[in-house]
Amino acid sequence: MDENNDKIGLASQQWQEKVVSPHLNKFGLTKSPTRFYTPADINGYDFLEKVGFPGLYPFTAGNDPVPKWQAFAEKLAKAETRFEWGSSGAGKYAGFGTAEDYRDYLIRMHSMGRKGAPNMAMDLPTQCGYDSDDSWAEGEVGRVGVAVDSLKDFEIIYEPYTGDLDLDKIASNFTINAPSAVIIAMYAALAEQRSIPLAKLRGTPQNDILKEYVGRGTYIYPPKQSLRLFRDILSFCTEHMPKFNITSIGGYHMREAGATRVQDLAFSMAIGATYLQAGIDAGFDIDRFAPRFTFNAFGGSMEFYKEIAFQRAARRMWARMLKERFKAKNPKSMLIRQISTAHIGCISTTLQRPLTNLIRAVVGGMAAGMSGGIPGIYPPFDEPMGLGHSLEAQQLSHDGTRVLIYEAKVGETLDPWAGSYFMESLTDEIESEAQAELNKIEQMGGAIGAIENGYMQRAVAKSAYERQKKIENKEEFVVGVNCFTGPDEIDVKINRSVEEVYSADMMASAEQRQKENLIRLKSDRDNRLVAQNLKKLKQNAADESVNLMPDILSCVKSYATLQEICDVLRVVFGEAKPSLN
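Quick caveat: nothing in here was measured; it's all calculated off a predicted structure.

## Things to note about the overall build of the protein
In step 1: The secondary structure content of the protein amounts to 23 helices and six strands.
In step 2: In terms of overall dimensions, the protein is globule-like: its C-alpha atoms have a radius of gyration of 25 Å, near the 25 Å expected for 581 residues.
In step 3: With respect to the three principal axes, the spread of C-alpha positions in the protein is 85 × 55 × 50 Å.
In step 4: The buried share of the protein, reckoned over its 581 residues, is 53%.
In step 5: Of all intrachain contacts in the protein linking residues separated by at least 6 positions in sequence, the fraction that spans at least 24 positions is 77%.

This is the structure in structure tokens:
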């Protein structure tokens with residue numbers, strides 16, 4: 001094989017000199033804009049070690065030998081009922097206004113046959129640990145999600161979920177990070193009210209606090225104290241809620257903030273390793289909790305080939321880390337569990353000529369279908385036009401996914417790039433670069449050290465600046481933005497019908513109504529019991545060895561508010577400060 005590669009290498013050199021160079025001179029180029037791959041690019045490649053088979057270590061070729069969505073595709077097409085590919089046990093990601101407003105929305109969805117569990121977006125005050133009556137919450141209550149101030153709000157939101165839709169029969173999603181412990185405690189308290197064993201609860205909190213310091217900014221406490229809460233959640237869920245996912249790691253958020261492909265992968269691996277080590281340090285065997293780790297998403301760009309290679313590299317990198325570093329034995333511990341694989345990311349959509357975003361999303365869908373996932377067309381084309389996808393945009397996205405599945409038959413072949421000189425070389429390259437970046441982070445003390453010294457934040461900020469500069473300097477091209485913008489170009493438009501789920505009047509009154517709810521809550525509850533539970537939480541928070549979840553659960557059950565709980569921890573833990581040193 002090496003002798004043959006030597007021959008190929010020599011032939012390649014001759015080809016470059018005698019064929020490629022004259023063409024470059026002809027076109028006035030100093031460097032070729034294309035590349036050709038040969039067996040020499042993957043010299044000594046061990047297929048079983050690097051790729052293997054779908055469903056087997058190292059999972060480069062995919063997690064499943066028969067993807068679940070493929071198994072049911074024909075049945076769903078013949079059913080003549082609406083099914084939105086990409087949905088899971090939870091319903092559409094939504095949330096707004098007060099608990100009553102969101103509850104009424106869920107009831108309307110049920111009347112339309114959409115009976116998925118709450119997939120809950122929470123407003124910024126909730127995400128940052130503030131109640132709706134705090135001065136910091138003014139003007140933000142119920143705006144980008146539902147306001148959740150206390151257990152009472154959960155009781156209201158889940159009123160439509162009884163009988164066949166009770167908590168032990170659904171899987172809820174909570175997009176929450178810094179106050180995850182409080183939200184999980186609310187769900188557990190609600191289950192206890194209904195005499196539902198915690199062991200039967202299923203769901204997924206985002207609970208990926210470390211990426212918040214890098215990508216989104218909705219953190220409360222310093223990184224080490226936040227990791228302590230992650231450890232407590234992991235321990236509580238592992239012992240009492242074993243069917244409940246522990247985290248949904250979100251490299252995608254860092255990518256949207258400006259991280260490069262390599263940074264996205266390396267930072268996600270570093271953060272994931274930190275969470276895994278927290279479980280080990282809490283005394284658990286890796287195979288007891290690692291299967292309950294999920295990933296929100298990785299990646300997100302228009303670079304078709306690289307996004308496919310990225311997903312393949314990510315699966316292999318995670319699997320190897322779990323097996324070699326953390327000594328996992330259960331293959332389920334080694335899987336990257338995520339709904340989507342490759343995608344374009346919302347950052348790739350443009351406000352200019354927005355219908356063109358549909359074409360971009362189809363490219364992402366093809367990449368997803370070729371990298372082990374559902375070929376989902378996401379996001380809908382009107383994503384950059386404001387919150388609320390139109391019915392037309394949603395229909396086109398659903399139909400695009402269906403066309404790729406049923407007509408183009410994307411997904412008929414698992415990992416169609418397996419063994420490709422090009423794709424295997426590119427996968428190796430991305431993994432190697434990400435591993436080098438991960439090693440650098442580990443030398444800083446892991447994700448915590450690289451966040452505390454500002455390395456990750458600076459790296460993402462620099463990458464975001466450099467990408468934008470390339471677009472402005474026309475070193476990178478975005479159709480309709482910095483090229484093909486002349487007067488002869490046409491902005492194609494179609495009707496956009498927005499399904500009104502929340503009226504302007506309701507939005508305008510949400511903050512006042514939620515404040516009134518809080519007044520009633522604090523008047524009706526046993527305030528002496530609340531004070532007693534908060535005092536105990538404060539005492540135990542000072543002892544790092546104590547798991548705070550039981551205390552937080554007691555506070556929640558006595559109707560202490562989210563901010564009252566978070567404020568106690570603010571006093572003990574302190575608050576994080578932005579770091580871009």
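## Some thoughts on empty space enclosed by the protein
In step 1: Under the definition given, this model contains two cavities of 30 Å³ or more.
In step 2: Estimated volume of the largest cavity: approximately 60 Å³.
In step 3: Looking at the largest cavity, the residues that line it are Asn 177, Ala 178, Ser 180, Ala 181, Asn 207, Ile 209, Ser 226, Leu 229, Phe 230 and Ile 233.
In step 4: Secondary structure elements with two or more residues in the lining of the largest cavity: α8 (180-193) and α10 (223-240).
In step 5: No other element matches the four residues that α10 contributes to the lining of the largest cavity.
In step 6: Across the lining of the largest cavity, the residue classes tally to six nonpolar, four polar and no charged.
In step 7: Approximately 40 Å³ is the volume found for the second largest cavity.
In step 8: Lining the second largest cavity are Ser 301, Met 302, Glu 303, Phe 304, Glu 307, His 343, Ile 344, Val 363, Gly 364 and Ala 367.
In step 9: Mapped by element, the contributors of at least two residues to the lining of the second largest cavity are α14 (304-325) and α15 (356-369).
In step 10: Tallying contributions element by element places α15 first for the lining of the second largest cavity, with three residues.
In step 11: Along the lines of polarity and charge, the residues of the lining of the second largest cavity split into five nonpolar, three polar and two charged.

## Some points on the pattern of salt bridges
In step 1: All told, the structure shown has 35 salt bridges when counted by the stated rule.
In step 2: Here Asp 232 and Arg 228 are joined by a salt bridge, their closest N and O atoms 3.3 Å apart. Of the two residues, Asp 232 and Arg 228 both sit in helix α10, four residues apart, roughly one turn of that helix.
In step 3: The class for Asp 232 is buried, based on a relative accessible area of 1%.
In step 4: Between Arg 255 and Asp 264 there is a salt bridge, with the nearest N and O atoms lying 3.3 Å from each other.
In step 5: Residue classification places Arg 255 among the buried residues on the basis of a relative accessible area of 7%.
In step 6: Salt bridges sharing common partners tie together Glu 49, Lys 50, Arg 316, Arg 320, Asp 428 and Glu 431.

## Here we look at the pairing of strand β6 (residues 293-297)
In step 1: Taken across its five residues, β6 has four buried, putting it largely inside the fold.
In step 2: Of the pairings in the sheet, the one linking strand β5 (residues 247-250) to β6 comprises four bridges and is parallel in character. Opposite Ser 248, over in β6, you have Thr 294 as the bridge partner.

## Points about unusual backbone geometry
In step 1: Residue Pro 58 is reached from Tyr 57 by a cis peptide bond, and omega for that bond is 10 degrees.
In step 2: Counting through the fold element by element, Pro 58 comes out in the loop between α2 (47-50) and α3 (68-71).
In step 3: The omega angle of the peptide bond from Tyr 378 to Pro 379 is 0 degrees, so this bond is cis rather than trans.
In step 4: Topologically, Pro 379 is positioned in the loop between α15 and α16 (391-407).
In step 5: With a phi angle near 60 degrees, Lys 327 is a residue other than glycine that sits in the positive phi range.

## Remarks on the packing of aromatic side chains
In step 1: On inspection of all chains with the given rule, the structure shows 27 aromatic pairs.
In step 2: Geometrically, the ring pair formed by Tyr 305 and Phe 422 is edge-to-face, given 5.1 Å between the ring centres and 85 degrees between the ring planes. With a gap of 117 residues between them, Tyr 305 in helix α14 and Phe 422 in helix α17 (residues 421-443) connect regions that are remote in the sequence.
In step 3: Here Tyr 305 falls in the partly exposed class, since its relative accessible area comes to 42%.
In step 4: Aromatic rings pair up to connect Phe 154, Tyr 158, Tyr 161, Phe 174, Tyr 187 and Phe 244 into one cluster.
In step 5: Cation over ring: Arg 255 sits above Phe 310, and NZ or CZ is 5.8 Å from the ring centre.
In step 6: In this structure, Lys 323 is placed above the aromatic ring of Tyr 57, and the distance from its NZ or CZ to the ring centre is 4.2 Å.

## As for helix α22 (residues 549-557)
In step 1: Taken together, the buried positions of α22 are occupied by Met 549, Asp 551, Ile 552, Leu 553, Cys 555 and Val 556.
In step 2: Looking at the buried residues of α22, the elements they touch are α7 (151-157), α8, α10, α21 (527-541) and α23 (562-573).
In step 3: Looking one or two residues beyond α22, the residue adopting positive phi is Tyr 559, at roughly 70 degrees.

Definitions and cut-offs
- Just so you know, the residues in each chain are numbered from 1, in the order the chain's sequence is written.
- Local features in a predicted model are, by the rule used here, given only for residues with pLDDT of at least 70; side-chain atom pairs are given and counted only at 80 or more, and totals for whole chains, interfaces and linings are based on all residues.
- Side-chain metrics in this entry use all non-hydrogen atoms of the structure; hydrogen atoms and water are not considered.
- Helix numbering and strand numbering both begin at the N terminus, where a helix is a DSSP run of H or I of at least 4 residues and a strand a DSSP run of E of at least 2.
- Within these notes, the globule rule equals 2.2 Å times the number of residues to the 0.38 power, and the radius of gyration is based on C-alpha atoms.
- Relative accessible area decides the class of each residue, using a 1.4 Å probe on protein chains only: under 20% of the type maximum gives buried, over 50% gives exposed, and in between gives partly exposed.
- Contacts: residue pairs with any heavy atoms within 4.5 Å of one another.
- Lining residues are defined by having an atom within 4 Å of a point belonging to a cavity or pocket. Those points lie on a 1 Å grid over the protein atoms alone, cavities being sets where a 1.4 Å probe fits but cannot get out and pockets being open sets with protein on both sides within 12 Å along at least five of seven lines.
- Grid points are joined across faces, edges and corners, and a volume is the space filled by probe spheres set on the points.
- The residue classification treats Ala, Val, Leu, Ile, Met, Phe, Trp, Tyr, Cys and Pro as nonpolar and Asp, Glu, Lys and Arg as charged. All others, Gly included, are polar.
- A side-chain nitrogen of Lys or Arg and a carboxyl oxygen of Asp or Glu constitute a salt bridge if their distance falls within 4 Å.
- Pairing between two strands requires that DSSP report at least two bridges joining them.
- Paired rings are identified among Phe, Tyr and Trp, the last through its six-membered ring, by centres lying within 6.5 Å, and are further divided according to the angle between planes into stacked (under 30 degrees), edge-to-face (over 60) and tilted (the rest).
- In this scheme, Lys NZ or Arg CZ marks a charge over a ring once it lies within 6 Å of the ring centre and within 35 degrees of the ring normal.

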